[in-house]
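# Remarks on the overall topology
Take a look at the letters that make up each chain.
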Amino acid sequence: NTDYCGRSVGSAQVDQTLGGSGSYTHKWNNAITGTTNTNLLGGIYTVTVNDNMGCVASDTALVGNVPAPTISANTDSVDCWLGSNGGAIATVNGGTGTKTITWSDGLMPNASSRNNFKAGNYSVQVVDAQQCSHQFSFVIYQPSDVDIDTVFPKVICYQQAYTGAFKATGGNGGIYTYYLNSV
């Protein structure tokens, strides 16, 4: 019988003992006696059978192991400071049967793709049909706020023409567009 995600739920059993003389004793390599060996992790187990004449035979049993599912997420950052257009796409591998996906914000259960995240820390979890689970934590990032530095000389005369400079930093960088409003 198979073990699932290392929970020690596998088992092995001697179906039939033939030959030899009289009664039999069964001893497993993990010190269990009897024809049934339970609560096993996946692996190979050996049973040794002795009859009342001292004759010995042994056999092995393979207990399969189905690992827990795994989940990961590829993310997209928020475009602008304090935006809410971040995204994540979850990828599930392994496990058994139907798998359930849960996002840490509780929205859109079983969706493998999400959008409208604000910047922050999140997680996504998968649970398979055997209740084996895995959780993946991720961060949705955002760019820094756009900051504008201005440099204007002191006005000496009313309505005197003068020039100044603007320098923007932060955001996603690249090309900035400036709009001037008269005051």
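The text that follows walks through the structure, step by step, so that each part is easy to find.

How each quantity is defined
Residues numbered from 1 in each chain as written. Predicted model: local features only at pLDDT ≥ 70, side-chain atom pairs only at ≥ 80, totals over all residues. Heavy atoms only, no water. Helix = DSSP H or I, 4+ residues; strand = E, 2+ residues; numbered from the N terminus. Buried < 20%, exposed > 50% of the residue type's maximum accessible area, 1.4 Å probe, protein only. Areas by Shrake-Rupley, 256 points an atom, 1.4 Å probe, with all protein chains shown as cover. Lys, Arg positive; Asp, Glu negative; His and termini not counted. Charge placed at Lys NZ, Arg CZ, Asp CG, Glu CD. Phe/Tyr/Trp six-rings, centres within 6.5 Å; stacked < 30°, edge-to-face > 60°. Pairing = 2+ DSSP bridges. Axes fitted to C-alpha atoms, helices over the stretch in contact; angles between N-to-C directions. Core = buried A, V, L, I, M, F, W, Y, C linked by side-chain atoms within 4.5 Å. Contact = heavy atoms within 4.5 Å. Disulfide = S-S within 2.5 Å.

## Overview of the overall build of the chain
Broken down by element type, the chain carries zero helices and 15 strands. By principal-axis analysis of the C-alpha atoms, the chain measures approximately 120 × 25 × 20 Å. In the chain, buried positions account for 22% of the 183 residues. For the chain, the accessible surface area stands at approximately 12200 Å², while carbon and sulfur atoms represent 51% of it. Each charge class in the chain was averaged separately, 7 positive and 11 negative side chains, and the resulting centres sit 10 Å apart.

## So, the packing of aromatic side chains
Within this structure, the stated rule accounts for five aromatic pairs. On the numbers, 6.1 Å between centres and 90° between planes, the contact of Trp-103 with Phe-138 is edge-to-face. With Trp-103 in strand 10 (residues 100–103) and Phe-138 in strand 13 (residues 133–140), this residue pair connects regions lying 35 residues apart in the sequence. A residue is classified by how much of its surface remains accessible, and Phe-138, at 6% relative accessible area, is buried. Between Phe-117 and Phe-138 the ring centres are 5.9 Å apart and the planes differ by 80°, which places this aromatic pair in the edge-to-face class. Here the residue Phe-117 occupies a position in strand 11 (residues 113–117), and Phe-138 occupies one in strand 13, the gap between them amounting to 21 residues. Here Phe-117 matches Phe-138 in class, with each residue buried. Through successive ring pairs, a cluster of aromatic residues spans Trp-103, Phe-117, Tyr-122 and Phe-138.

## Quick notes on the sheet that holds strand 13
An order of 10-12-13 is seen for the three strands of this open sheet, with the pairing classed as antiparallel. The outermost strands of the open sheet, each flanked by one partner alone, are strand 10 and strand 13. Between one strand and the next, the sheet's axes are offset by a mean angle of 20°, whatever the strand orientation. Bridging between strand 12 (residues 120–127) and strand 13 involves eight bridges; their strand directions are antiparallel. Paired with Tyr-122 across the strands is Phe-138, a residue of strand 13.

## Observations regarding the nonpolar core
In this structure, Ile-71, Trp-103, Phe-117, Val-124, Phe-138 and Ile-140 are the most contacted members of the largest nonpolar core, which totals 14 residues. Ranked by residues supplied to this core, first place goes to strand 12 with three residues. Those residues in contact with Val-124, other than ones at most four positions away along the chain, are Ile-71, Ala-90, Ile-101, Thr-102, Trp-103, His-134, Gln-135, Phe-136 and Phe-138. Ala-12, Trp-28, Leu-40 and Tyr-45 belong to the second largest nonpolar core, which has seven residues in total.

## Comments concerning the state of the cysteines
Inspection of every chain in the model, using the stated rule, returns one disulfide. Covalent S-S linkage joins Cys-5 and Cys-132, the inter-sulfur distance amounting to 2.0 Å. Classification of the bridge connecting Cys-5 and Cys-132 rests on its S-S torsion, roughly -75°, and on that basis the disulfide is left-handed. With a gap of 127 residues between them, Cys-5 in the loop between strand 1 (3–4) and strand 2 (10–13) and Cys-132 in the loop between strand 12 and strand 13 connect regions that are remote in the sequence. For Cys-5, a relative accessible area of 24% puts it in the partly exposed group. With relative accessibility at 2%, the residue Cys-132 sits in the buried group.

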